[in-house]
Amino acid sequence: MTLVDTPDFSVTGVYRLDGGDRTAAFASFNDGVPCLVHFGKTLPEDEGLTSLAMATIPNVGAGQIDPFQPLTLCPLAITGWQGHPGIIVQGGDGRDYLANPKLARIEADSEHGVRFTLFDRGNSDGVKLVISAVLNQHTGILSLSQRLTIPDDWSCSWLAAPAIPASTGMCRIIDHSGRWCGEFRRQETEWRTGAHVRESREGRTGHAHFPGVALATAATGEHTGGCLAATLAWSGGHRMLAEELPDGRRQVQFGILNDGLARGQIVSPALMLSWSDEGLNGVAQSFHRHLRAIQAPVDARRQREPRPVHYNCWEAVYFRHDLEELKTIATLAAGLGAERFVLDDGWFRGRNDDTSSLGDWEIDRTKFPDGLSPLIDHVHSEGMRFGLWFEPEMVNWNSDLFRSHPEYMLGPDDQPSGRQQHVLDMANADVRAHLFGQIDAVFSAYAIDYVKWDHNRPLTGGGPDQARGFMTLLGDLVAAHPNVDFESCSSGGGRIDFGVLELASRVWLSDSNDALERLRIQHEASRWIAPEVQGSHVGPRHCHTSGRVLSMSFRAWVAAQRHMGFEMDPRELTPEESQTLRRVTGWWKDNRDFLFSGALHRLESDDVEVFAEMTVDPQANRFILFAGQAGASPQIFRRPLRAAGLDANALYEISLVNPEDVSPFANRSMVRGPDAPPQRLSGAFLMEHGFRLPNAVPASMTVIEGRRVASKDH
């Protein structure tokens, strides 16, 4: 960190942060809001930041505001900025007020952070803006946030998490849409004059609008080229805009979507930036390191296996909870390799279908006359841990909670229901206290170490305070019960973001257990979310959401790419299916530590039907490659897959992990059969020419393992 005083008239303050092989440089022009003038490759120590800042300013042309206004972290309309402003406030008379914050001081905000304090026109009694930036030394993630303070009778209708410039040459906008059972659908947009806008108005993160965007050059691929990615750490409604001005400059803004008008002190969520000159994989790996840094201390403190194999009973029994049946299922699940048994929806008082009882978080004594202890004791006797499903933010009209406290419901009585349910007002402290008391009582009474926290409908109304209330309640429960793992589920992938992942250790990517859908969903989700955080289950033979029938081998290997679990009725399995599932699960247990500590590389398959990725350890001594064949390829032969992340000068011994899955129909004559001894190939060859894998049929997986050969064995 270096604070530089400069006599330059136009550049009045500069600051730099260094870490994680990155430099973030900031500059204020004429005491205005600072600009992010560089975020990327580490700059030389003697780089002149004043000259660098001036080099970012184009010449003023005809027909423009004089003097030229740079793109700042909070663009202001008063300066003549012609794009979307970073702040929109209304004075006490309700009219828009054109604030003009001026830089008052620059302070170190930590060993690796900086804080800029600004006052409106230099008046410390009026509008105050504080912008914070922290550069993580280990992950290279730059976190930016803003805090705005306005008079009590004023309001704010928009505060961006700091605006960022699009780097030169990054002409592609990559983001993700989606839907229920079809999350993380990649889409690309080209810049054009005007704004590309994404909004989630569901009151949650939403399936359709993951709060992240990647900017890439025309030549950027998975392994090469420049890329800048940004994501908003926020679990509520949000807006993203990527805007090009008529003068050619480009900005990206994220912020909370505020249906009302905020007052007093308004704080933006953190905007997290990742930059890489090693392609889309480079920025993704930074986000993965960030999540691992959050979760590593928690895992170390608990001193237990942080990623046990899950068994969730939902698609086996739905609401039909019978103690003896559940014990039978638990025994079978344990025999297949499950390490945690999760009792899903249907365990609480009066809950026999989705029309009643949400909000009444007490054990159903009709189903469990002796409470949950007999089931939990049986689960423990089978060597498994026990988890439970909750949906705390929801209520049914047919519930004791609603009959006692109808005022707890969010919104008017004439709003539509969703899945037969309504939403509780999480901004109400009494609601949160009631929910905490009920959930805390269950945790205190039983040995529960995991919660699947669901949220099965979008909101009809409810501003940012609803999301803040959720985070407050979840945070209180995490603090009170630090040994409980929480999973964020919201009709599947409706609440996945870096805000909730400060508290939750797992996300449920999708309600779809269709392995073909999952293959694509988890491949794209890995652009943001580390693989160990993504729950992925082996579903029923006949998929309940898509109707497809898929082989056990394919279902199991797709789940083995992420945090593995089962969600079928184990009584339906044939002996052959059980054997296959046990084999894959055993392999996963042996390799989960490796899979969840290495760098994940998505590979360029040159085939839309192939989803391939490989994990490489930090020393490039070992790798595991998954090649999922979704549909029939247009060409006869499977295209070679070029590796990534290996040591070009090393030799690797390569073996096929699952030779039993090689199709004899697609490989009538094989140069190397499935029982052939391992090959030895160089990293240089594998990264240049690639793996020649067996030809594959649709809905199949090929798994390859490689290990560096010691030099004496060459």
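Residues numbered from 1 in each chain as written. Predicted model: local features only at pLDDT ≥ 70, side-chain atom pairs only at ≥ 80, totals over all residues. Heavy atoms only, no water.

J.: How do you make sense of the overall build of the chain when you look at a structure like this?
T.: A tally of helices and strands in the chain yields 12 helices and 36 strands. What you see for the chain is a C-alpha radius of gyration of 27 Å, in line with the 27 Å of a compact globule of 714 residues. The principal-axis extents of the C-alpha atoms in the chain amount to approximately 80 × 75 × 45 Å. A total of 714 residues make up the chain; the buried ones form 59% of that total. Here the chain has roughly 27,200 Å² of accessible surface; of this, 50% comes from carbon and sulfur atoms. (Helix = DSSP H or I, 4+ residues; strand = E, 2+ residues; numbered from the N terminus. Rg over C-alpha atoms; globule rule 2.2 N^0.38 Å. Buried < 20%, exposed > 50% of the residue type's maximum accessible area, 1.4 Å probe, protein only. Areas by Shrake-Rupley, 256 points an atom, 1.4 Å probe, with all protein chains shown as cover.)

J.: Please clarify how the nonpolar core should be interpreted in this entry.
T.: Among the nonpolar cores identified, the biggest contains 114 residues, and Phe341, Leu343, Trp347, Phe386, Met564, Phe566 and Leu581 are the most heavily contacted of them. Looking at this core, the element that brings in the most residues is helix H4 (residues 323-336), giving seven residues. Residues in contact with Phe386, not counting those within four places in the same chain, are Arg340, Phe341, Leu343, Leu372, Leu375, Ile376, Val379, His380, Ala447, Ile448, Asp449 and Tyr450. With 51 residues, the next largest nonpolar core counts Tyr15, Leu76, Val114 and Val252 among its residues. (Core = buried A, V, L, I, M, F, W, Y, C linked by side-chain atoms within 4.5 Å. Contact = heavy atoms within 4.5 Å.)

J.: Before we go on, may I ask you to explain the packing of aromatic side chains in this structure?
T.: Taken as a whole and judged by the stated rule, the model has 28 aromatic pairs. On the numbers, 6.4 Å between centres and 15 degrees between planes, the contact of Phe341 with Phe386 is stacked. Placement of Phe341 in strand S22 (residues 340-343) and of Phe386 in strand S23 (residues 385-390) is noted, with a sequence separation of 45 residues between them. For the pair Phe341 and Phe386, one class covers both residues: buried. Ring pairing ties together the aromatic residues Trp347, Phe348, Trp361, Trp389, Phe390, Phe443, Trp453, Phe470 and Phe486, which thus form one cluster. The ring of Trp508 carries Arg518 above its face, with NZ or CZ at 4.3 Å from the centroid. (Phe/Tyr/Trp six-rings, centres within 6.5 Å; stacked < 30°, edge-to-face > 60°. Lys NZ or Arg CZ within 6 Å of the ring centre and 35° of its normal.)

J.: Would you mind showing me how to read the packing of helix H10 (residues 552-559) against helix H11 (residues 575-595) here?
T.: How two helices sit against one another is set out by the angle between their axes and by the gap between those axes. Here H10 crosses H11 at 20 degrees, and the two axes come no closer than 9 Å. The angle between H10 and H11 falls in the class roughly parallel. Considering only the axes of H10 and H11, their crossing is right-handed. Only Glu577, Thr580, Leu581, Val584 and Trp587 of H11 make contact with H10, whose side of the interface consists of Met552, Ser553, Arg555, Ala556 and Trp557. Classifying every residue of the contact of H10 with H11 by side-chain character gives six nonpolar, two polar and two charged. (Axes fitted to C-alpha atoms, helices over the stretch in contact; angles between N-to-C directions. Parallel < 35°, antiparallel > 145°, perpendicular 65-115°, else oblique. Left-handed = near helix turned anticlockwise from the far one by under 90°. Nonpolar A, V, L, I, M, F, W, Y, C, P; charged D, E, K, R; others polar.)

J.: Just checking my understanding: could you explain the pairing of strand S26 (residues 450-453) for this structure?
T.: Successive residues of a regular strand alternate their side chains across the two faces of the sheet. Neither face of S26 is exposed, since Tyr450 and Lys452 on one face and Val451 and Trp453 on the opposite face are all buried. Strand direction decides the pairing type here: S23 and S26, joined by four bridges, are parallel. Bridge pairing links Gly387 to Tyr450 in S26. One ladder, built from four bridges, connects S26 with strand S27 (residues 485-488); its direction is parallel. Looking at S27, one finds that Tyr450 is bridged to Asp485. In this view, the connection linking S26 to its parallel neighbour S27 by way of helix H8 (residues 464-480) has right-handed handedness. (Pairing = 2+ DSSP bridges. Right-handed = clockwise from strand over helix to strand, strands pointing away.)

J.: Teacher, can you tell me more about the sheet that holds strand S30 (residues 563-566) here?
T.: Either a parallel or an antiparallel arrangement is found when strands of a sheet pair, and the pairing is made through backbone hydrogen bonds. The strand order around the closed barrel built from eight strands is S21-S22-S23-S26-S27-S28-S29-S30, with neighbouring strands paired in parallel fashion. The mean inter-strand angle of the sheet, taken between neighbouring strand axes irrespective of direction, is 30 degrees. With four bridges connecting them, S22 and S23 associate as parallel partners. Within S23, the position partnered with Val342 by the bridge is Gly387. Against the sheet, H8 makes contact with S26 and S27, and its axis sits at roughly 170 degrees relative to S26, the strand it touches most. This element, H11, spans strand S29 (534-538) and S30 of the sheet and lies at about 155 degrees to S30.

J.: Where do I start with unusual backbone geometry in this structure?
T.: Negative phi values dominate among residues other than glycine, just as trans dominates among peptide bonds. With a phi angle near 50 degrees, Ser491 is a residue other than glycine that sits in the positive phi range. Residue classification places Ser491 among the buried residues on the basis of a relative accessible area of 8%. Its identity as a non-glycine residue notwithstanding, Ala699 has a phi of 60 degrees, on the positive side. Mapped onto the elements, Ala699 comes out in the loop between helix H12 (683-688) and strand S36 (700-708). Since its relative accessible area comes to 18%, Ala699 is described here as buried.

J.: Mind showing me how you'd approach the sheet that holds strand S14 (residues 194-200) here?
T.: Spatially, six strands are ordered S6-S5-S11-S18-S17-S14 in an open sheet, and the strand pairing comes out antiparallel. Edge positions in the open sheet fall to strand S6 (96-97) and S14, since each of these has one partner strand only. Bridge count for strand S5 (residues 87-90) against S6 is two bridges, and the pairing is antiparallel. When the bridges of S6 are listed, Val89 appears paired with Tyr97.

J.: I keep staring at the side chain of Glu183 and nothing clicks. Help me out?
T.: On the secondary structure map, Glu183 appears in the loop between strand S12 (172-177) and strand S13 (185-190). Despite its burial, Glu183 pairs with no opposite charge, the nearest such side chain being Arg520 at 6.0 Å. A polar contact of 2.7 Å, which involves the side chain of Glu183, links it to the side chain of Ser510. Leave out the neighbours within four places in its chain, and Glu183 touches Ser177, Gly178, His207, Ser491, Gly492, Gly493, Leu509, Ser510, Asp511, Arg520 and Ile521. (Lys, Arg positive; Asp, Glu negative; His and termini not counted. Salt bridge = Lys/Arg side-chain N within 4 Å of Asp/Glu carboxyl O. Polar contact = N/O pair within 3.5 Å; in protein donor to acceptor, adjacent residues only side chain to side chain.)

J.: I would appreciate a short explanation of the state of the cysteines in the present structure.
T.: Two cysteines form a disulfide when their sulfur atoms are joined by a covalent bond. The final tally for this structure, using the stated rule, is zero disulfides. The closest cysteine sulfur to the non-disulfide-bonded Cys74 is located on Cys156, 9.0 Å from its own sulfur. Here Cys227 stays unpaired: no disulfide links it, and the sulfur of Cys171, its closest cysteine neighbor, is 12 Å away. (Disulfide = S-S within 2.5 Å.)

J.: Where do I start with the packing of H4 against helix H5 (residues 373-381) in this structure?
T.: Remark: H4 packs on H5, axes separated minimally by 10 Å, with the N-to-C direction vectors making an angle of 15 degrees. As judged from the angle between their axes, H4 and H5 are roughly parallel. The hand of the H4/H5 crossing is right-handed. On the side of H4, the interface is formed by Leu323, Leu326, Lys327, Ala330 and Thr331, while H5 contributes Pro374, Leu375, His378 and Val379. A breakdown of the residues in the contact of H4 with H5 according to their chemical character gives six nonpolar, two polar and one charged.

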